[in-house]
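Chain by chain, the residues run as shown.
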Amino acid sequence: MPQMNMVQAINDALRLEMARDPRVVIMGEDVGKVGGVFRVTAGLFDEFGDERVIDTPLSEGGIIGAAVGMALYGMVPIPEIQFSDFIFPAYDQIVSELAKYRYRSGGEYPCNMVIRTPVGGGIRGGHYHSQHPESLFIHVAGLKVVCPSNPHDAKGLLLASIRDPDPVLFFEPKRIYRAAKGDVPEGDYTVPLGSAAVTREGRHVTVLAYGAMLYECLDAAAKAAEQGVEAEVIDLRTLWPVDIDTIIASVKKTGRLVVVHEAPKTGGFAGELISLVCEKAFYHLEAPPARVTGFDTPFPYTLEMEYLPLSHRILPALLNTAKA
Amino acid sequence: MIAAAVTRTEEAPNDTIVRVLREDGSLDPAHDPKLEIDEVVHLYRHMVETRIIDERLVTLQRQGRIGFHIGSLGEEAAIIGSAFAMRQQDWLFPCYREFGAALLRGFKLQRFIDNMFGNANDPVKGRQMPDHYTCKEAHWGSISSPIGTQMTQAVGFAWGAKIEKKALATLVYFGDGSTSSSEFHNAMNFAGVFKTPSIFFCRNNGWAISVPVERQTASRTFAEKGVAYGVPGVRVDGNDLFAVIAVTRDAIRRCEAGEGPTLIEALTYRMGGHSTSDDPNRYRAADEVKPWVDRDPIERIRRYLERNKAWDDNLEEALREDVDKRFREAVTAAESTEPPSLASMFEDVYKKMPWHLEEQRDELLAGPRAPKAH
Ligand SMILES: Cc1ncc(C[n+]2csc(CCOP(=O)(O)OP(=O)(O)O)c2C)c(N)n1
């Protein structure tokens, strides 16, 4: 099996699906000749031409609005937003239009498309190149939200997302674009949306994470194990609709819960996950659930490593929750 | 009134480009802003300083000492000329490529370099990327990465002044790609409707990262985009310092006379990459750059000054040494300055820190420290 990094795996999925399905088009800023600022679409312009890999004007609202129209027509657009921080000019099109079209048209108009966008910090990008805005989209009825943590899943989840009949927001953690490497099967396969992966088994505390923070959790879990605390680390993979069964089964086993994400704490996804667990497994909990997250400040530049919930902040949360 | 200004639809297809500095070094009297020779020397110094700092910052980035830089190579006349034309009471709303204009308006070199290092003396306290500084004293806005956001704000600022009957104008910088953003259309429309004393300064430098102007617009020119909004547009040779000053002053006169906004399209060229993260060889042919080397705005002014016996090699060398020395001193000072304090991360989110931020700050201060930054 070939070894790939995240960028290569995503590129592989795009190439495969473009060859398989002539309705698929890629569109965005700099996606053509340059292959995107992170080179994720590299080579596709040469292979498929400028009618299928389209450099657009600099307008996120234009890109998403036009993609919605293409999807209504019957194409499968894969727009790229260069950084998820720049998705907000398109927020109205995503929230009011893309997410609602099927519902408000009584099911007549589906919007089959995938918005790809890099997320997250730790790359010296400062506030406007580091945000992790998933909770703002999870709150929107009608969207599916995905965030892979490794090349294998990235390819399989992207293929599943493109073939999914609903709009999917596909967040790519840029901190691990090149750092996360692994075996990626050649050819076609999918990782079903809505299925989490138990990345490390354990019996004392359940840890929920996704994207780049998964590695920080695995690191903290390894250190916790040295102190006799066995953490079960779950990679959510699809953030919404989340794999509730896997989460509840794990919490029933461990009785304890820690949720980790980079985004600010207040109104973040961790709060929602903890609520879900309280609703469905409250009497199995043996300790208050904990959140390890970014702070309720804009993402900083110089102090980004203090802002991110890295393993040095996750470890005490694991130990405290396990012992509480 | 500039002859080339496009004011009405029937006049729209007007490709005239305002130029003042002729090939032979003489000035076209029709638009000559009549600068004193000392003023030209002053501006030349700033243009050279801007270019040297640009080069040095790229080197620092390559050495891994700063994270990023986004420069103005080739666009110095457009940037310095327009900022110089603005009066002291006027305000500038920057894009991200105009540090030369900020320095000209009194932003301290040391503070700029502190921003490049994101240290404790950085005017924005290490919170934003390099080149995202602010300086209220210099009547300079705060820089945001998302494209276009400053345009409507510049209009609103000018509008406020108009309502309060304060005589000032605003100038907003943006690139050709930014004219595709919805903010451009919002800003032009508001400015046109409310006749705000504002100047739209489009640096048409040919590229928006890898996307050429033909992919941003099907208009023949950017200047003519004003027509639909009732905003006169003018095209100017952006590599001609004199011409840029002339058209900007003309736009200020229109603001003063209550005639409202002007859209200036400065034709220039982004001679370098988009930023230190970009490699232009991937998308543009090397020979595209060549003709622009001959139109280098700095060389043109140097030739003009030499012809007027106001400049020579000795002065040039002294200038370069001076900039180099000041730059090196600023870098040394910036590099030996502490990073911002941990607690500062929680300040300025609100004027008064609410309980949840106090709690999170105390938690961070009490907890374990992150491993040394990458
Ligand atoms: C809303 C938004 N989308 C995308 C980007 C990424 N981006 C940064 S600069 C740039 C190109 C800007 O081109 P232009 O407006 O012509 O200005 P120039 O850089 O040429 O001066 C892009 C696409 C961004 N900063 N903001």
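Residues numbered from 1 in each chain as written. Chains lettered and ligands numbered in written order. Predicted model: local features only at pLDDT ≥ 70, side-chain atom pairs only at ≥ 80, totals over all residues. Heavy atoms only, no water.

### What to know about the overall build of chain A
Reasoning step 1: A tally of helices and strands in chain A yields 12 helices and 14 strands.
Reasoning step 2: With respect to the three principal axes, the spread of C-alpha positions in chain A is 60 × 40 × 40 Å.
Reasoning step 3: Residue pairs at least 24 apart in sequence account for 81% of intrachain contacts in chain A once pairs closer than 6 positions are excluded.
Reasoning step 4: A total of about 11400 Å² of accessible surface is found on chain A, and carbon and sulfur atoms cover 52% of it. (Helix = DSSP H or I, 4+ residues; strand = E, 2+ residues; numbered from the N terminus. Contact = heavy atoms within 4.5 Å. Areas by Shrake-Rupley, 256 points an atom, 1.4 Å probe, with all protein chains shown as cover.)

### Structural notes on the overall build of chain B
Reasoning step 1: Counting its regular elements, chain B contains 11 helices and 10 strands.
Reasoning step 2: Against the 2.2 N^0.38 benchmark of 21 Å for 374 residues, chain B shows a C-alpha radius of gyration of 21 Å, consistent with a compact globule.
Reasoning step 3: Reported as C-alpha extents along the three principal axes, the dimensions of chain B are approximately 70 × 50 × 40 Å.
Reasoning step 4: Looking at chain B as a whole, 60% of its 374 residues qualify as buried.
Reasoning step 5: Taking contacts inside chain B between residues at least 6 apart in sequence as the whole, the part at least 24 apart equals 73%.
Reasoning step 6: Of the accessible surface of chain B, which amounts to about 16000 Å², a share of 51% is contributed by carbon and sulfur atoms.
Reasoning step 7: One finds the centroid of the 48 positive side-chain charges in chain B at a distance of 3 Å from the centroid of its 56 negative side-chain charges. (Rg over C-alpha atoms; globule rule 2.2 N^0.38 Å. Buried < 20%, exposed > 50% of the residue type's maximum accessible area, 1.4 Å probe, protein only. Lys, Arg positive; Asp, Glu negative; His and termini not counted. Charge placed at Lys NZ, Arg CZ, Asp CG, Glu CD.)

### Description of unusual backbone geometry
The phi angle of most residues is negative, glycine excepted, and most peptide bonds adopt the trans form.
Reasoning step 1: W240 of chain A connects to P241 of chain A through a cis peptide bond whose omega is -5 degrees.
Reasoning step 2: Within the element layout of this structure, P241 of chain A appears in the loop between β12 (238–240) and α9 (244–254).

### A few points about the packing of helix α8 (residues 213–226) of chain A against helix α12 (residues 311–323) of chain A
Residue and element names in this part refer to chain A.
Reasoning step 1: Between α8 and α12, the least distance of the axes is 8 Å, while the angle of their chain directions is 50 degrees. Classified by the angle between their axes, α8 and α12 sit oblique to one another. Seen along the crossing, α8 lies across α12 with a hand that is right-handed. From α8, E216, C217, D219, A220, A221, K223 and A224 reach across to α12, where they touch S311, I314, L315, L318 and L319.
Reasoning step 2: Classifying every residue of the contact of α8 with α12 gives 8 nonpolar, 1 polar and 3 charged. (Axes fitted to C-alpha atoms, helices over the stretch in contact; angles between N-to-C directions. Parallel < 35°, antiparallel > 145°, perpendicular 65-115°, else oblique. Left-handed = near helix turned anticlockwise from the far one by under 90°. Nonpolar A, V, L, I, M, F, W, Y, C, P; charged D, E, K, R; others polar.)

### Some details on the side chain of H69 of chain B
Residues and elements named next belong to chain B.
Reasoning step 1: The topology assignment puts H69 in the loop between α1 (37–62) and α2 (76–85).
Reasoning step 2: Residue classification places H69 among the buried positions, given a relative accessible area of 1%.
Reasoning step 3: A polar contact is formed between the side chain of H69 and the side chain of D54, at a distance of 2.5 Å.
Reasoning step 4: Polar contacts involving the side chain of H69 include one to the side chain of D131, which spans 2.9 Å.
Reasoning step 5: Setting aside its immediate chain neighbours within four residues, H69 contacts D54, L57, V58, Q61, F99, M116, D131, S275 and T276. (Polar contact = N/O pair within 3.5 Å; in protein donor to acceptor, adjacent residues only side chain to side chain.)

### Considerations on the nonpolar core
Reasoning step 1: Ranked by internal contacts, the top residues of the largest apolar core, which has 119 residues, are I64, I94, I115, L236, V260 and L318 of chain A.
Reasoning step 2: Discounting chain neighbours no more than four positions away, the residues touching I115 of chain A are I64, P79, I81, I87, I94, L98, V168, L169 and F170 of chain A.
Reasoning step 3: By size, the runner-up hydrophobic cluster in this structure holds 77 residues, among which are A101, A243, V244 and F327 of chain B. (Core = buried A, V, L, I, M, F, W, Y, C linked by side-chain atoms within 4.5 Å.)

### A short note on the site of the ligand
Reasoning step 1: Inspection of the region around the ligand gives 20 residues, with E60 of chain A together with Y96, R97, G177 and S178 of chain B positioned closest.
Reasoning step 2: Neighbouring residues of the ligand are not confined to a single chain but are spread across chains A and B.
Reasoning step 3: At 3.0 Å, a backbone N or O of I147 of chain B approaches a nitrogen atom of the ligand.
Reasoning step 4: The protein chains hide 96% of the 590 Å² of surface that the ligand would expose on its own.
Reasoning step 5: Grouping the constituent residues of the shell around the ligand by class yields 8 nonpolar, 7 polar and 5 charged. (Near = heavy atom within 4 Å.)

### Structural notes on helix α4 (residues 109–117) of chain B
Residues and elements named next belong to chain B.
Reasoning step 1: Most of α4 sits inside the fold, with 7 of its 9 residues counted as buried.
Reasoning step 2: All buried positions along α4 are accounted for by L109, F112, I113, D114, N115, M116 and F117.
Reasoning step 3: As for α4, its buried residues are in contact with α1, α3 (99–104) and α10 (313–335).

### A few points about the environment of A222 of chain A
Reasoning step 1: Checked against the element boundaries, A222 of chain A lands in helix α8.
Reasoning step 2: When the C-alpha positions of A222 of chain A and V119 of chain A are compared, they lie 26 Å apart, and in sequence the two are 103 residues distant.

### Structural notes on the sheet that holds strand β13 (residues 257–264) of chain A
The pairing of strands in a sheet comes from backbone hydrogen bonds and takes either a parallel or an antiparallel form.
Residue and element names in this part refer to chain A.
Reasoning step 1: With mixed pairing, 5 strands are arranged side by side in an open sheet as β9-β11-β10-β13-β14. What marks the edges here is a single partner per strand, and that holds for β9 (197–200) and β14 (290–294). Adjacent strand axes in the sheet meet at a mean angle of 25 degrees, parallel and antiparallel pairs treated alike.
Reasoning step 2: Relative to β13, strand β10 (residues 205–209) runs parallel, the two being bridged by 3 bridges. Looking at β13, one finds that L208 is bridged to V259. (Pairing = 2+ DSSP bridges.)

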